[in-house]
Amino acid sequence: MRVAVCDYGAGNVRSVLAALARLGADARSTRDPDDVIAADLVVLPGVGSAASAMSGLRECGLDAALRSRVGAGGLTLGICLGLQLALEESEEDGGTPALGLLPGRAKRLRKGRVPRIGWARVEPGGESFYFAHSYTAETPTASARSEGIVAAAQAGSFLGVQFHPEKSGAAGARFLARCLSRA
Amino acid sequence: MPLPRLIPCLDVASGRVVKGVRFQGLRDAGDPVELGAAYSDAGADELVFLDVTATVEERTLLPELVSRVADELAVPFTVGGGVRSAADGEALLRAGADRVAVNSAALERPGLIGELAALLGSQAVVVAIDASASEVYARAGTVPTGRDALTWAAEAEARGAGEILLTSIDADGTRAGYDLGLTRAVADAVSIPVIASGGAGEARHVAEALEVAQAALLASILHESPARLGALRDELRGLGVPLRDAA
């Protein structure tokens, strides 16, 4: 099974690759749209700002590749900013059009200390995962929440998580293993 | 709010973990990758690696060491020491670090904070503040700056910092407890998370710090012993601190 991790200049690609390698997956970083179409599982990581990440995706042609992959039912996992980029739009950077793989938009967190950094429980399941974010997804496709915030959202073959499974210790490894077993 | 975090801090010099107060009397305490992984296994919520000689030697922690750490650790880690430009920070994140910490370089050139935040996102930018009686000190706590810690913390936040790592020079090494007054004042002055640092001698001190800050940095209290971290977590749970279940 081949796992492609999108490397478009806005993600902690190395940590994602390491976490997948620890699970025995054949994971490689790529910015080639053909790899994104052909892989068994694609991971879209992301940190930083929505606007610069979207322009990074467009420069490599990965925006179109991701839309066509998800449209064809190819399993795709978005992590952190990778979830927010999958929405229709982010209010970050004065409003940034995003990939539109999921309905909804990313909004600035307004409660508590921001950035929201640390481990928090995710329901259903009750396990704790590591979060580090200033924006949050608002979407009718939410499938898990953490302190009321969208922790996961899914539509069709796209699953996005706000937390960092690659940084979430044993719980994160179990989550990634489930993703691999679905692919 | 997310759960309170315990963050072991590893001082690194020439690629090895060292112990010693600041620059004084450094002794070898092991391999950063091995010790970091052992802390991760023992339930560390995060780690901080501070290269204590990087600023003097005008370089950052070696990216290849950062990459070895990233390959082994399944928890987040911050790297500090010698970050002087947004490009330095980007290289460390690219190597696998989750966040970078800046201290002296940001005091000399506060615009660095905004440059790092623009390139890496605020969540990746930690501003470390060393303070004595609420005055900020540069160069590992040796050079007074005349800046007030509360004012500097608020300015750092306004410039894009995502977190403050606050070390009390007065409490550091005393083992008599964190400087709760200073920590509370800084936490009240900003709306970003604050990591308390300096002075922990026993579990009760850590529990007190976690009442006013979002995380506690752990250094000499651990004696470079991951087993000690496990015991400390148990003690803190006994004191009612809601730590994550790391299993």
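Refer to the structure presented above.
Residue numbers restart at each chain and count upward from 1, following the sequence in its written direction. Here the convention is simple: chains get letters from A, ligands get numbers from 1, in the order in which they are written. Local features are withheld for residues below a pLDDT of 70 in this predicted model, meaning they are given only at 70 or higher, and side-chain atom pairs are given and counted only at 80 or more; totals for whole chains, interfaces and linings count all residues. In computing side-chain properties, one takes all heavy atoms of the structure into account and sets aside hydrogens as well as water.

Enquirer: Requested: an account of the side chain of Asp45(B), with residues and values cited.
Expert: Within the element layout of this structure, Asp45(B) appears in the loop between helix H1 (32-41) and strand E4 (47-51). One polar contact links Asp45(B) to Arg244(B), side chain to side chain, over a distance of 2.6 Å. Any two residues whose heavy atoms approach within 4.5 Å are treated as being in contact. If sequence neighbours within four positions are ignored, Asp45(B) has contacts with Trp119(A), Pro4(B), Arg5(B), Leu6(B), Val75(B), Pro76(B), Arg233(B) and Arg244(B). Secondary structure elements are taken from DSSP: a helix is a run of H or I of four residues or more, a strand is a run of E of two residues or more, and numbering for both begins at the N terminus. N or O atoms within 3.5 Å of each other form a polar contact, as long as, within protein, one can give a hydrogen and the other can take it, and as long as residues adjacent in sequence are counted only when both atoms are side-chain atoms.

Enquirer: Describe the nonpolar core, naming the residues involved and giving the relevant values.
Expert: Take the buried Ala, Val, Leu, Ile, Met, Phe, Trp, Tyr and Cys residues and link them wherever side-chain atoms come within 4.5 Å; each set so joined is a nonpolar core. For the exposure calls, accessible area comes from a 1.4 Å probe over protein chains only, and a residue counts as buried if that area is under 20% of its type's maximum, exposed if over 50%, partly exposed in between. Among the nonpolar cores identified, the biggest contains 78 residues, and Phe77(B), Ile164(B) and Val206(B) are the most heavily contacted of them. In this structure, Ala4(A), Ala10(A), Val36(A) and Leu85(A) belong to the second largest nonpolar core, which totals 31 residues.

Enquirer: Describe the interface of chain A and chain B, naming the residues involved and giving the relevant values.
Expert: Many descriptions give the size of an interface as the accessible area lost when the pieces come together. Counting residues at the interface gives 29 residues for chain A, matched by 38 residues for chain B. With both sides pooled, the region where chain A packs onto chain B buries about 2,700 Å², and carbon together with sulfur makes up 49% of that total. What counts as a salt bridge is simple: a side-chain nitrogen of Lys or Arg found within 4 Å of a carboxyl oxygen of Asp or Glu. Between the two partners, chain A and chain B, sit three salt bridges. Here Asp7(A) ties to Arg94(B) by a salt bridge, and the two come within 3.0 Å at their closest N and O atoms. Across the chain A-chain B interface, the total number found is 19 residue pairs in polar contact (both at pLDDT 80 or more). Of all the secondary structure elements, the ones that give two or more residues to the side of chain A that touches chain B are helix H1 (13-22), strand E8 (116-122), strand E9 (127-133) and helix H6 (169-182) of chain A. Looking at the side of chain A that touches chain B element by element, the count peaks at six residues for E8(A). Broken down by class, the residue content of the side of chain A that touches chain B amounts to 10 nonpolar, nine polar and 10 charged. Buried area is calculated as the accessible area (1.4 Å probe) missing from two parts once they are joined, with the contributions of both summed. Three classes are used, and their members are as follows: Ala, Val, Leu, Ile, Met, Phe, Trp, Tyr, Cys and Pro are nonpolar, Asp, Glu, Lys and Arg are charged, and the others, Gly among them, are polar.

Enquirer: Tell me about the sheet that holds strand E4 (residues 76-79) of chain A, and name the residues and values.
Expert: Across a sheet, strands are paired by hydrogen bonds formed along the backbone, either parallel or antiparallel in direction. All names here are of chain A. An order of E2-E1-E3-E4-E13-E12-E11 is seen for the seven strands of this open sheet, with the pairing classed as mixed. The sheet is open, and its two edges are formed by strand E2 (26-30) and strand E11 (142-146), each paired on a single side. Each neighbouring strand pair of the sheet contributes to a mean axis angle of 20°, computed without reference to strand direction. The pairing criterion for strands is at least two bridges between them, as found by DSSP. Inspection of the sheet shows strand E1 (residues 2-6) paired to strand E3 (residues 41-44) by three bridges, in the parallel sense. Along E3, the bridge assignment pairs Ala4 with Val42. Note on method: axes are straight lines fitted to C-alpha atoms, helices fitted across the in-contact stretch only, with angles between N-to-C directions ranging 0 to 180 degrees.

Enquirer: Requested: an account of helix H10 (residues 226-238) of chain B, with residues and values cited.
Expert: Residues and elements named next belong to chain B. Multiply 1.5 Å by the residue count of a helix minus one, and that product is the helix's expected span. With 13 residues, H10 should cover 18 Å at 1.5 Å per step; its first-to-last C-alpha distance of 19 Å lies within 8% of that length. Taken residue by residue, H10 has Pro226, Leu229, Leu232, Arg233 and Leu236 as its buried positions. With its buried residues spanning 105° around the axis, H10 presents them on a single face. Exposed side of H10, more than 90 degrees from the buried face: Ala227, Asp234 and Gly238 are the residues found there. Throughout, the arc means that of the directions going from the helix axis to the C-beta atoms.

Enquirer: I'd love a proper account of the packing of H1(A) against helix H3 (residues 63-72) of chain B, names of residues and values included.
Expert: Pairs of packed helices are described in terms of their axes, by the angle between the two and the distance that separates them. Contact geometry of H1(A) with H3(B) gives a least axis separation of 8 Å together with a crossing angle of 45°. On the basis of their axis angle, the class for H1(A) and H3(B) is oblique. You can see that H1(A) and H3(B) cross each other, and the crossing is right-handed. Judged by residue contacts, Arg14(A), Ser15(A), Ala18(A) and Arg22(A) of H1(A) engage Ser67(B), Ala70(B), Asp71(B) and Glu72(B) from H3(B). Considered class by class, the residues forming the contact of H1(A) with H3(B) number two nonpolar, two polar and four charged. In this scheme, roughly parallel covers angles under 35 degrees and roughly antiparallel covers those over 145, while 65 to 115 is roughly perpendicular and the rest are oblique. Take the far helix as your reference; a near helix turned counterclockwise from it by less than a right angle gives a left-handed crossing, and one turned clockwise gives a right-handed crossing.

By themselves, these figures tell us nothing about what the structure is for.
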